[in-house]
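# Structure assessment
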Amino acid sequence: MRFYAQDNNLSLKICQDRHTLAETESGERECRKFNMTAIGACLFAAGFSPAVVRSCLTPSSGKKKSNPTRRFAVSTEQILTKKAETTTTSFPENERLKMKRSENGKQEKQNPVIWELAEAEKKIRKSLKDYFEESKDFIRSDGGPPRWFSPLECGSRLDESPLLLYLPGIDGVGLGLVRQHYSIGKIFDVWCLHIPVKDRTSFTGLVKLVERTVRSENNRFPNRPIYLVGESLGACLALAVAACNPDIDLVLILANPGTSFKKSQLEPLIPLLALMSDQLQLSLPYILSLMTGDPLKVTMDDVAEGVPLQQTIGELSQHVAAMSSYLSVLADILPRETLLWKLQMLKSASAYANSRLHAVKAQTLILTSGKDQLLPSPDEGQRLHSLLPKCENRLFSDSGHFLFLEDKVDLVTTIMGATFYRKGAYYDYISDYVQPSPYAFKKIYESFGWVRFATSPVMLSTFEDGKIARGLAGVPSEGPVLYVGYHMLLGFELSSMISQFFFERNILLRGIAHPSMFRRLKEGKLPPMSQFDTFRVMGAVPVSGTLFYNLLSSNAHVLLYPGGVREACHRKGEEYKLFWPEQTEFVRMAARFGAKIVPFGVVGEDDFFEVFFDYDDQMKVPFLRDYILEISEQSESVRTEEQGEVGNQDMHLPGILPKFPGRFYYYFGKPIETKGREKELRDREKAHELYLEVKSEVEKCLAFLKEKRESDPYRYLFTRLSYQATHGFTSEVPTFEV
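Residues numbered from 1 in each chain as written. Predicted model: local features only at pLDDT ≥ 70, side-chain atom pairs only at ≥ 80, totals over all residues. Heavy atoms only, no water.

### A word on the pattern of salt bridges
Going by this rule: For this document, the term salt bridge refers to a Lys or Arg side-chain nitrogen within 4 Å of an Asp or Glu carboxyl oxygen. For the exposure calls, accessible area comes from a 1.4 Å probe over protein chains only, and a residue counts as buried if that area is under 20% of its type's maximum, exposed if over 50%, partly exposed in between.
A full pass over the atoms with the stated rule returns 30 salt bridges. Its salt-bridge partner being Glu-680, residue Arg-677 comes within 3.3 Å of it at the nearest N-O pair. On the basis of relative accessible area, Arg-677 is assigned to the partly exposed category, the value being 24%. Connected through salt bridges with shared partners, the residues Asp-606, Asp-607, Arg-709, Glu-710 and Arg-715 form a single ionic network.

### Here we look at the side chain of Thr-368
As a reminder, the rule being used: Secondary structure elements are defined from DSSP: runs of H or I of at least 4 residues count as helices, runs of E of at least 2 residues count as strands, and each element is numbered from the N terminus. The criterion used for residue contact is that any of the two residues' heavy atoms lie within 4.5 Å.
Structurally, Thr-368 can be placed in strand S8 (residues 363-369). Not counting residues up to four positions away in its chain, the partners in contact with Thr-368 are Asn-256, Ser-377, Pro-378, Gly-381, Arg-394, Leu-395 and Phe-396.

### A short note on the packing of aromatic side chains
We apply this condition: Aromatic pairing here means that ring centres of Phe, Tyr or Trp (its six-membered ring) are within 6.5 Å. Orientation follows from the plane angle: under 30 degrees is stacked, over 60 is edge-to-face, and everything else is tilted.
A full pass over the atoms with the stated rule returns 31 aromatic pairs. Here Phe-441 and Phe-502 contribute two aromatic rings whose centre-to-centre distance is 4.6 Å and whose plane-to-plane angle is 65°, an arrangement assigned as edge-to-face. On the criterion of sequence distance, the pair formed by Phe-441 in helix H16 (residues 438-447) and Phe-502 in helix H18 (residues 494-505) is long-range, its members being 61 residues apart. Of the two residues, Phe-441 and Phe-502, both sit in the buried class. Relative to Phe-736, the ring of Tyr-665 lies with its centre 5.9 Å away and its plane at 25°, an arrangement referred to as stacked. One end of the pair, Tyr-665, is in strand S19 (residues 665-668); the other, Phe-736, is in the segment after helix H27 (717-727), with 71 residues separating them in the sequence. Its relative accessible area of 4% is what places Phe-736 among the buried residues. In this structure an aromatic cluster arises from ring pairing among Trp-115, Phe-441, Tyr-445, Phe-502 and Phe-503.

### What to know about the nonpolar core
The condition is simple: Take the buried residues of types Ala, Val, Leu, Ile, Met, Phe, Trp, Tyr and Cys, join any two whose side-chain atoms come within 4.5 Å, and each joined set is a nonpolar core.
One finds Tyr-483 and Met-497 to be the most contacted residues of the largest nonpolar core, which totals 181 residues. The element best represented in this core is helix H7 (residues 233-244), accounting for ten residues. If sequence neighbours within four positions are ignored, Tyr-483 has contacts with Val-475, Pro-476, Phe-501, Ile-507, Leu-509, His-557, Val-558, Leu-559, Leu-560, Val-598, Phe-600 and Phe-668.

### Comments concerning the environment of His-194
Put simply, the test is: In the analysis that follows, any N or O atom pair within 3.5 Å is treated as a polar contact, provided that within protein one partner can donate a hydrogen and the other can accept it, and provided that, for residues neighboring in sequence, both atoms belong to side chains.
Looking at the element boundaries, His-194 is found in strand S5 (residues 189-194). Here the alpha-carbon distance between His-194 and Phe-138, two residues 56 residues apart in the chain, equals 8.8 Å. Setting aside its immediate chain neighbours within four residues, His-194 contacts Phe-138, Asp-142, Pro-146, Arg-147, Phe-149, Gly-172 and Val-173. In this structure the side chain of His-194 is engaged in a polar contact, spanning 2.9 Å, whose partner is the backbone oxygen of Val-173.

Here's what the structure looks like:
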C-alpha cells in the first residue's frame, strides 16, 4: 500500500507493505538477419509529514504502481501538454513537431515549439534550493529506521520500467537526485533510501536492508534489471550488494565512489570531530560547506541564462545569500555526532567494498567529478575500471562532489549515452531507446553552436513534385524513410544535420554507425567511448542487418552512408568522390518495407580543411602503420567480403590543414518511392538499377551544390559576419537563389 502526500508542499509518496505480484513475460522476439557486410558505416552519439514518516516501515514487497487521483507529476504533464496543445504539437507524446506559423503560413524559426517545451520542462525541474527546503521537512521530528520513499514527480513512467534504487551519500536524506527526479521518473520506477539523522544502523545492516529489497523485487520481476544508483557511501553500498548477489541482474551507477576513502581528505576529520567540544561546534557548518563543492559555480548554475547583466547580478546575490542560510540546514542534517558516525561508517564501507570487488559481476557505470574536494574520484574511477569486468567511466571535469545536484549534469542523458538503459537482459536499440527530452536536446543543440556559427549551414530539400525549398519542409514526414548520402571528411556534417532535423521537424535520424562507437574488442588507442555519447543519445546504432531491418520495420528515419570510413577518411584530391560497394542490399531492404529513399549531398569540407597526409602516406611510415593496425584490432571489421579499396576500412586520422572557414551546404533530393515495387526489386538486376539511380542522384546533389555555392555572396566567414553585425548575430544568413 502507498500513502500519497496531499499538501502542496509535499512531493513524495511513501512505499509501505508491498505485496508480491506475479508477472508473465510474453513471447520472444523473432530475429531476422540478412547480409549487411556490404553496407558502410559512418564515424559518428521532499518533504513529508513527520506523522506519515513515522508510519512507514522498511518495505519488503508491494502492490504494483497505481495512478493516484492527486499527484504532482500530473500537473507536470498538464503543463507540458497544455503548452504543446497551444502550439499545434504534443512533443511529450512523440508526435511530429510543427513550428509556429504566422498568418501568411510561413514558418517562424525564432520561436520553435521545442524551445518553449524545453523552458517549460526547465521550470518544472527542481533546484538545489528544493534539496535544502525539502531536507528541512525530512529532518523535522525525524526518527525510525531507514526506509524507502518514491518521489511524486517520478509518477508517470514508461511501461515495464526497471526499478531504480537510489542509495544516498553520507547526508542520508535520500534527496540527492532531486534535480533528476522529473527525467528519471519518466523511465524508471524510482525508490530512494532515507536514513534518519539519529539512526545508527551499521553498514552491514544497510547492506541487508537493500539486499532484501533487491531480492524481493527480483522475485517479482526476474526478467528486469535493477538499478542501484549510489553516491560516495551509497556507491560502497551498491558494490557490496552486487558482490553478495552475483546471480541477480544489477546495473550499478556509481558517482564519486567512497572506495577511495583512505586516500581522501575525509579520514583526518574523524579524530578532529571526536575531539571537537560542544563549544567548537559553531565551526561545523564551515567544515560542512566543503560538501557543496564550489558554491559560486553551484549558484551560477541556477541563475537564468540569457538575462540582462543587472538581473543576473541580482539573482546571483540572492542565490549566494540563500546558500549561506542553508549551511545551518547542513548542520542539522549532519550534526557532529551523526557526521562522526557517517565518516566512521564510510571508512568501514570502503574497506568492506574493496575487499569484495573481485565478486562484483554487475554492469557498472562510474561517474567521477574532476573538482571533487572530498574524494580523489578521477583516479578512483580509473582504478575501479581496471578491476571491474563490465565497467565504463564518465568524467565530469568541472563538477564537484555532489554531482547529481548540479544543473549541467543530466543522469538520464548520461545513462542513455552510455547505452546503459535497458528493460530486459540485453540492450535493445529499438525498444529500449528513448529520444532526448526537449530540455536535454536543447543542451545538446547549444553545445554544437560553434559548429553552426562557423559553418552557417544551408539546408535545401525537395518536395515530391520536384520543387526545391530552403529548409527541411520537403523531406517526408512519415517513415520509414532511408536517407542515403555522401560522408564528408571525418563526418563533420553530422552534428548540424542530425540536430537540425530534430530541431526543425522533430525527425530523429537513426544513423547506422561504425561498431567502434559502441563496443571495443580490447582497450587501446581509439578515442574514449564517452566521445560518442551524444550520437548514441541521438539514436545512432551499430552496423547490423538485424538492426537495419528492425529500424525500417518500426517506421524509423534511417541515415546510411554506403561510403563508410573509406569515404569519411578519403585521400588527397578525393573530395566529393563516392566509394560505394557493388552490393545493393539496402535497396532491397527499403523495398521490403516500402520505404522512401532520399538521396542527399553535402559540400563544404574543402572550404575548411585540406588533406595533406593521407592513409597512403601514413602506411609508408613504419610506426604509423603499426599504430593504424593496432587501432584496427580494437574494433570489429565491416565489409569483410569486399575486395579492393572499398573493402579497406582501417580506422585512421588523416593529416589535415585548416582553411579560412567557408560554409556547409546540404541538399536533400526528391524522394524515391519503393512502395509497391517489392516483387520487382527482388530481381538483382532491377535492384542494381535502382541502386545506380540512387548513387547518381547523390552525385547530382553534390554537383548542384558545388555549382550553386559559387553564387552565394555569403559563402565565406567574413561576409557572413558583416551581415550578422548589421542584422543581428541570431539572424539567418541568406544564400544563393534556389
